[in-house]
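# Fold and geometry: a report
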Amino acid sequence: MSFEQDYDDETTALYRKSAGKVLAFLINMGCDQGLAEEITNDAFLGARRRWSYVRTLDEPQGYIFNIVRNERSKRQKGHDRRAKDLHPDPANILRAVDEDPAQNIADRAAVRQALQQLPPSQREAVTWRDVVGLSEAATARLMGVSEGSVKRYTSEGRQRLRLLLAEFRPRRGGDSR
């Protein structure tokens, strides 16, 4: 087997392990599904081009997330500007097997809406920590801040989310239309 084939196999394994988390991060940071998928795929292609370097890193997933974070900040404003007059497609949310798929969708939409109301640093910290599942140290490296800042942003973000989602909960059960 050649180095190229080994690299392809390793990159594919990382994609299978991490692509869902990358996509979830982007969507929770405000990207629409199409842009999030495009950035995710481009990030893994970029990592594959530099795989001889990326494979030597302690956290290759961190390298992917750095690409994703940078690409999101570069592309999001232009994407929003081009799409502002278009009507967005309905949210394409993967449905878990559940007794009430409509409620599951409503819950996810409420969480996304609440995340969008957080300040950017809190939203990013909560997303890295709770959606993607990164450690405080990895989150600090990606955000370019200290671990203490990550703890504070995460704590404040979670507290704010609890308050925002508490406003949503009473409406859940009371509306029987």
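See above for the structure.
Criteria and thresholds
- Residues numbered from 1 in each chain as written.
- Predicted model: local features only at pLDDT ≥ 70, side-chain atom pairs only at ≥ 80, totals over all residues.
- Heavy atoms only, no water.
- Axes fitted to C-alpha atoms, helices over the stretch in contact; angles between N-to-C directions.
- Helix = DSSP H or I, 4+ residues; strand = E, 2+ residues; numbered from the N terminus.
- Parallel < 35°, antiparallel > 145°, perpendicular 65-115°, else oblique.
- Left-handed = near helix turned anticlockwise from the far one by under 90°.
- Contact = heavy atoms within 4.5 Å.
- Nonpolar A, V, L, I, M, F, W, Y, C, P; charged D, E, K, R; others polar.
- Buried < 20%, exposed > 50% of the residue type's maximum accessible area, 1.4 Å probe, protein only.
- Salt bridge = Lys/Arg side-chain N within 4 Å of Asp/Glu carboxyl O.
- Core = buried A, V, L, I, M, F, W, Y, C linked by side-chain atoms within 4.5 Å.
- Phe/Tyr/Trp six-rings, centres within 6.5 Å; stacked < 30°, edge-to-face > 60°.

Below, the discussion takes up the packing of helix α1 (residues 3-28) against helix α2 (residues 33-49). Running from N to C, α1 and α2 point in directions that differ by 150°, and their axes come no closer than 9 Å. Relative to α2, α1 is oriented roughly antiparallel. For the pair α1 and α2, the crossing hand works out as right-handed. Every residue of α2 that contacts α1 at E4, Y7, D8, T11, L14, Y15, S18, A19, V22, L23, L26 and I27 is listed here: Q33, A36, E37, I39, T40, N41, F44 and R48. For the contact of α1 with α2, a count of residues per class yields 11 nonpolar, five polar and four charged.

The next point concerns the environment of Y15. In this fold, Y15 is placed in helix α1. A residue is classified by how much of its surface remains accessible, and Y15, at 33% relative accessible area, is partly exposed. Spatially, the C-alpha atoms of Y15 and N41 are 8.9 Å apart, while their sequence positions differ by 26 residues. Beyond its immediate chain neighbours, meaning those up to four positions away, Y15 contacts N41 and F44.

Let's shift gears to the pattern of salt bridges. Where side chains of opposite charge bring their charged atoms close, a pairing between them can arise. The tally for this structure, following the rule as stated, stands at 11 salt bridges. Of the charged contacts in the structure, one is a salt bridge between R55 and E10, with a shortest N-O distance of 2.6 Å. Taken as a pair, R55 in the loop between α3 (51-54) and α4 (60-83) and E10 in helix α1 lie far apart in primary sequence, 45 residues in all. The salt bridge partner of R129 is E136, with a shortest N-O separation of 3.8 Å. Each member of the salt-bridge network shares a partner with another, and the members are E38, D42, E71, K74 and R75.

Here N28 shows up in helix α1. Overall, the relative accessible area of 10% leaves N28 in the buried class. Leave out the neighbours within four places in its chain, and N28 touches R112, L115, Q116, R123, T127 and V131.

One can describe the packing of helix α6 (residues 120-132) onto helix α7 (residues 136-143) by two numbers: an axis separation of 10 Å at closest approach and a directional angle of 140°. When the interaxial angle is binned, α6 and α7 end up oblique. In the crossing of α6 with α7, the sense of the turn from one axis to the other is right-handed. For the pair formed by α6 and α7, the contact residues are S121, E124, A125, W128 and R129 on the first element and E136, T139, L142 and M143 on the second.

With that settled, the discussion passes to the nonpolar core. Formed by 32 residues in total, the largest nonpolar core has its most connected members in F25, L26, I64, F65, V68 and W128. Elements with a minimum of two residues in this core: α1, α2, α3, α4, α6, α7 and α8 (147-174). If you look at the next biggest cluster of nonpolar residues, it comprises eight residues, including A110, L115, V126 and L165.

Our next topic: the environment of S121. Tracing the chain through its elements places S121 in helix α6. The class for S121 is partly exposed, based on a relative accessible area of 25%. With 36 residues separating them along the chain, S121 and G157 place their C-alpha atoms 8.6 Å apart. When sequence neighbours within four positions are dropped, the list of residues in contact with S121 reads M143 and Y153.

With that out of the way, let us pick up the packing of aromatic side chains. Summed over all chains, the structure comprises five aromatic pairs. Relative to F65, the ring of F25 has its centre 6.1 Å away and its plane inclined at 85°; by these criteria the two rings are edge-to-face. Of the two residues, F25 is situated in helix α1 and F65 in helix α4; the sequence distance between them amounts to 40 residues. The exposure classification of F25 matches that of F65, with both residues buried. Measuring from ring centre to ring centre gives 6.0 Å for Y53 and Y63, while their planes differ by 70°; the resulting arrangement is edge-to-face. Of this pair, Y53 sits in helix α3 while Y63 is found in helix α4, placing the two residues 10 residues apart along the sequence. Residue classification places Y63 among the buried residues on the basis of a relative accessible area of 18%. Three or more aromatic residues joined by ring pairs make a cluster, and in this case those are F25, F65 and W128.

These figures capture arrangement, not role.
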